[in-house]
Every structure is written in C-alpha cells, then in structure tokens.
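Results of the structural survey
Residues per chain are reported as follows:
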Amino acid sequence: MEEQELTRLPNEVVESYRQPPPGEVVETYTRPLPGTPGKPVPPPPVRRRSKRGLWIFLGCFALATSLAAAAFFWDPPASRHTRPDPFDYDFRDPGESGGPQEITIPLCPTGQGVSLPLEREHGSSLTAQEVYRKVNPAVVVVLADLGDGSASVGTGVLFTQDGYLITNYHVVEGGQACTVALDNGRGYEAKYVAGDADSDLAVLKVEGLDLPAAVFGDSDLLTVGDKVYAIGNPLGVELRGTLTDGIVSAIDRDVEVEGRTMTLLQTNAALNSGNSGGPLINEYGQVVGINTIKMTSRYSSVEGLGFAIPTAYMERIINDLLTFGSLQPEPVLGVTVIQMATQVEPDLWGIQVQSVTRNSPADKAGVQEGDYVLTAGGRNITSSQDLLRVRRQHHLGDQLPMTLWRYGEIIEVTLSLTEPAA
C-alpha cells in the first residue's frame with residue numbers, strides 16, 4: 001500500500017449557494033494563498049508631540065515587509081522544476097475553470113458487491129467526546145490534483161473497512177489524481193469509483209484493510225432540534241479534525257445550488273471551507289448527512305446556516321454509483337397525493353390519493369382516487385415526502401407493496417414499477 005507523509009494542504013474548493021433574485025447575494029470565503037503577506041499589524045499609538053518616531057517605525061516596517069515578501073515569492077532556480085512536497089499546490093477558486101470539468105482520476109471498478117448500509121437502530125446517546133472518538137478516525141482529508149500545479153481539498157468519510165469513502169463531487173471535479181489522508185496524517189492514493197454532479201456526491205476507494213469506518217444512520221429519524229456534530233478540515237489542513245456542534249435547524253429544505261434544487265438538512269453547526277464532504281453526525285455517533293454548502297453573504301454577517309445531504313436521500317444514489325457507476329432511472333407510481341396525513345381511524349393515519357394516472361403502476365394495481373395510503377414498502381406513510389423517499393429507494397422492475405384504507409376497509413395492493421419517472 002502506497003503511503004506518504006502529510007505535511008501541508010492548501011484550501012478547499014467550496015461550492016457556493018446563491019439564493020434566486022431578489023434574495024440574498026451569496027459568496028464564499030477564501031483564505032489568502034500560502035505565502036501571501038497577511039494584513040500588517042497597525043503601528044502602536046504615537047504621542048502627538050512628535051511624528052518622528054512614527055515615520056521611523058513606518059520606514060522600518062515597510063523595509064521588513066518588502067524583505068518578507070521577497071522571501072515568500074522568490075523561487076530558487078533549482079526548485080522551479082521539482083516538487084519535493086507532494087501536497088505543495090496552489091489554490092484554485094471555485095468556478096475559475098469556467099464550467100464542468102471531467103474527472104480523470106484512475107478508476108476503481110464498480111459492481112463489486114459493495115453497498116452503503118444505513119443503521120435503523122441506535123443505542124444510547126453519546127457525549128461530544130465519545131462522538132469524536134468514534135467518528136473522527138474515519139474522517140479523511142481529500143486532495144484532488146487538478147494537473148496544473150493546483151488542487152482542491154475537502155473532507156471525506158470512510159464507510160467500509162477496505163477503503164470505500166464518500167465526499168462531495170465538487171471536491172474531486174477536474175481531478176487527475178487523488179490523495180486521501182487519514183487522521184493520523186498518512187496519505188494514500190485514491191481511485192475514483194463514480195460520482196453524480198447534480199447530487200454533489202462521489203465515491204472514492206483506497207487500498208487498505210481494517211481501516212476505521214463510520215456507521216451511517218437514517219436521517220429520516222431526525223427531528224428539528226436534534227443534537228448534531230460536524231467533523232472536517234475548516235480553512236485548511238492545519239485545523240483538520242475540527243469538531244463543531246449544533247442542532248438540526250430544518251429538514252427537507254429545498255435549496256437552489258448552481259441552478260439545481262437540492263433537498264438538504266439545515267444545521268447551525270459551524271461549517272467552513274474544507275468541511276465539504278465531511279460527516280454530519282447524530283448524538284448516537286451515526287453519520288446522518290454529508291456536509292456540502294454554507295450560506296455566506298458579502299453584505300451582512302451570516303452564521304449558523306449550513307446544509308448537508310441527508311443519508312435517506314443519498315442511500316440510493318451511493319448504491320447506484322457503487323453498483324452501476326451512474327444513477328439509474330427512478331420509477332413512477334402514478335398517484336397524486338395530499339401533502340400531509342389525515343386520521344382515518346383512531347391511531348390510523350394515511351395520505352389521501354387525489355388522482356390516479358391512467359394505465360400507471362398504481363392504476364394497474366387497483367389504487368383509486370380517494371384511497372388513503374397507510375404504508376408503502378413496509379414503511380408508515382404520514383406525508384408525501386415519506387412516499388417520495390420510498391419511491392427513491394426502488395428501481396424499475398421492483399415490486400412495491402402498499403396498504404390502503406378505502407371507506408373503512410384495509411386493502412393490500414402491489415405496484416409493478418415498470419415505468420420511469422419523467
């Protein structure tokens with residue numbers, strides 16, 4: 001297994017979230033490049049009776065600053081064609097490339113029988129220290145070499161002990177090679193399994209055995225106000241493994257990102273440049289989301305507005321990428337339903353069917369207008385989002401059992417999902 005010592009990483013390419021007009025103008029925060037002189041410290045106050053000391057101070061300060069800048073930017077001829085530090089890259093701003101970039105990282109084959117499991121059960125709640133000790137070993141730095149001396153850097157999280165991990169697509173977009181560094185500081189060459197730009201998810205693979213792997217939980221079990229944690233590499237590798245905490249601020253938040261709509265978890269856990277691709281963790285130490293964006297503004301201070309891709313949504317996507325290398329078409333059910341559930345009997349709730357599309361899977365299975373959907377795929381249905389989640393977990397050709405309530409009678413039907421969603 002190829003290893004290399006982690007020394008220093010640049011900043012990360014971070015995807016921005018821009019609200020549609022006339023909403024907030026949003027931008028991302030980028031640290032200065034390594035070697036760029038920082039903002040000079042202002043001189044100490046000088047007494048009014050004489051300015052001679054001030055001018056002497058400014059002259060010395062300017063000279064010192066010039067010498068420091070020269071030391072930073074001078075590149076000895078012997079080093080111009082060598083790169084002794086494999087992590088010595090320049091930072092590239094998001095969108096600088098002018099459009100989508102092909103990923104040419106060496107490939108890892110799909111269809112190897114690997115899947116992303118979600119734990120539906122959990123034990124007792126953990127302290128922040130216990131959550132960190134449990135998950136942090138599985139959190140990695142992801143560096144994608146863009147081939148021109150620049151790189152993008154983000155976070156990832158291992159989900160199998162033999163080296164499969166998840167990160168954001170925008171972290172590896174345009175990459176020609178990829179290095180993954182564990183929390184112990186050692187880097188391993190990674191291969192690209194597959195990714196999907198619209199969902200901003202990508203799967204990588206490193207060669208290893210008995211690697212630390214995180215447990216992934218079901219984000220559908222979250223409620224607003226639940227305690228959550230984030231681990232990542234904010235503002236560069238110097239702060240890698242940073243733990244922040246907060247709560248679930250909103251569930252199923254539709255956010256427009258780069259012209260597409262993503263349904264995300266909202267949290268006030270601090271997220272910054274470098275957290276992209278890292279885990280959002282529940283109080284039981286289970287990963288329930290992949291952090292993807294933070295809202296910022298050039299006109300006002302914005303804090304506590306971070307967003308993560310929920311595991312209930314990404315489960316099907318990741319498993320499609322692992323098995324097929326791309327997303328497979330989602331099936332259509334052929335029903336229009338009320339958004340929220342109605343109580344039809346004591347302790348019995350369901351969502352009402354408003355209409356049924358002619359010759360659709362639902363129509364052929366015998367679903368009728370006015371029916372109430374109680375369960376689908378073995379899961380209780382209390383909202384239209386519940387039914388949508390069930391549909392997303394099925395593929396063309398699957399059989400979907402459904403329990404209906406019709407005028408006081410319980411009816412069992414099975415939908416043959418043979419038609420793709422438009």
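Residues numbered from 1 in each chain as written. Predicted model: local features only at pLDDT ≥ 70, side-chain atom pairs only at ≥ 80, totals over all residues. Heavy atoms only, no water.

So, the overall build of the protein chain
Quick reminder of the rule: Strands here are runs of E lasting at least two residues and helices are runs of H or I lasting at least four, both read from the DSSP assignment and numbered beginning at the N terminus. Accessibility here uses a 1.4 Å probe with only protein chains present; expressed as a share of the type maximum, an area under 20% marks a residue as buried, one over 50% as exposed, and anything in between as partly exposed. Note on areas: these come from Shrake-Rupley sampling with a 1.4 Å probe, and a residue is covered only by the protein chains present in the view.
When you go through the protein chain residue by residue, the secondary structure sums to 6 helices and 22 strands. Across the 422 residues in the protein chain, those meeting the buried criterion constitute 45%. As presented, the protein chain carries roughly 21100 Å² of accessible surface, and 51% of it is formed by carbon and sulfur atoms.

Looking at the nonpolar core
The cut-off we apply is this: What is meant by a nonpolar core is a set of buried Ala, Val, Leu, Ile, Met, Phe, Trp, Tyr and Cys residues, joined one to another through side-chain atoms within 4.5 Å. Residues are treated as being in contact if the distance between any of their heavy atoms lies within 4.5 Å.
Residues Val142, Phe159, Ile166, Val172, Phe216, Met314 and Ile318 are the most contacted members of the largest nonpolar core, which totals 56 residues. In contact with Ile318, not counting residues within four places along its chain, are Leu116, Ile166, Leu201 and Val203. With 19 residues, the next largest nonpolar core counts Val367, Ala376, Leu404 and Leu415 among its residues.

Some remarks on the environment of Arg391
Definition in use: Each polar contact in these results corresponds to two N or O atoms within 3.5 Å; when the atoms are within protein, one needs to be able to donate a hydrogen and the other to accept it, and residues that are neighboring in sequence are counted only if both atoms are side-chain atoms.
Looking at where Arg391 falls in the secondary structure, it is placed in helix H6 (residues 384-392). For the pair formed by Arg391 and Leu333, sequence separation is 58 residues and the distance between their alpha carbons is 7.6 Å. Within the structure, the side chain of Arg391 is placed 3.5 Å from the backbone oxygen of Pro331, a separation counted as a polar contact.

Regarding the pattern of salt bridges
Once the charged atoms of two side chains with opposite charge are near each other, the side chains can pair. Let me state the cut-off plainly: For this document, the term salt bridge refers to a Lys or Arg side-chain nitrogen within 4 Å of an Asp or Glu carboxyl oxygen.
For the coordinates displayed, the defined rule picks out 12 salt bridges. Across the salt bridge formed by Arg316 and Asp320, the nearest N and O atoms sit 3.5 Å from each other. One end of the pair, Arg316, and the other, Asp320, are both in helix H4 (residues 311-324), 4 residues apart, so they sit about a helical turn from each other. Accessibility classification places Arg316 together with Asp320 in one group, the buried group.

So, the pairing of strand S19 (residues 372-376)
Condition: We treat two strands as partners when DSSP finds at least two bridges between them.
Summarising burial for S19: 5 of the 5 residues are buried, a large majority. Judged from the 2 bridges that link them, strand S18 (residues 348-356) and S19 form a sheet pairing that is antiparallel. In the sheet register, Ile351 faces S19, and the bridge partner there is Val373. Where S19 lies against strand S21 (residues 399-406), 4 bridges are found, and the strand directions are antiparallel. Counted as the bridge partner of Ala376 is Met402 from S21. Bridge analysis of S19 against strand S20 (residues 379-380) gives 2 bridges, and the strand direction is antiparallel. The residue of S20 that forms the bridge with Ala376 is Arg379. Connecting the antiparallel pair S19 and S20 is a turn made up of 2 residues, with Gly377 showing a positive phi of about 60 degrees.

Quick notes on the pairing of strand S5 (residues 164-167)
Burial along S5 is two-sided: Tyr164 and Ile166 facing one way and Leu165 and Thr167 facing the other are all buried. Pairing analysis gives 2 bridges linking strand S4 (residues 150-158) to S5, with the strands arranged antiparallel. Counted as the bridge partner of Val157 is Ile166 from S5. Bridge count for S5 against strand S8 (residues 201-206) is 4 bridges, and the pairing is antiparallel.

Focus on the side chain of Asn168
Looking at where Asn168 falls in the secondary structure, it is placed in the loop between S5 and helix H3 (169-172). Given a relative accessible area of 0%, Asn168 falls into the buried group. Excluding its chain neighbours within four sequence positions, the residues that come into contact with Asn168 are Asp200, Ala202, Ser276, Gly277, Ile290, Asn291, Thr292 and Ile309.

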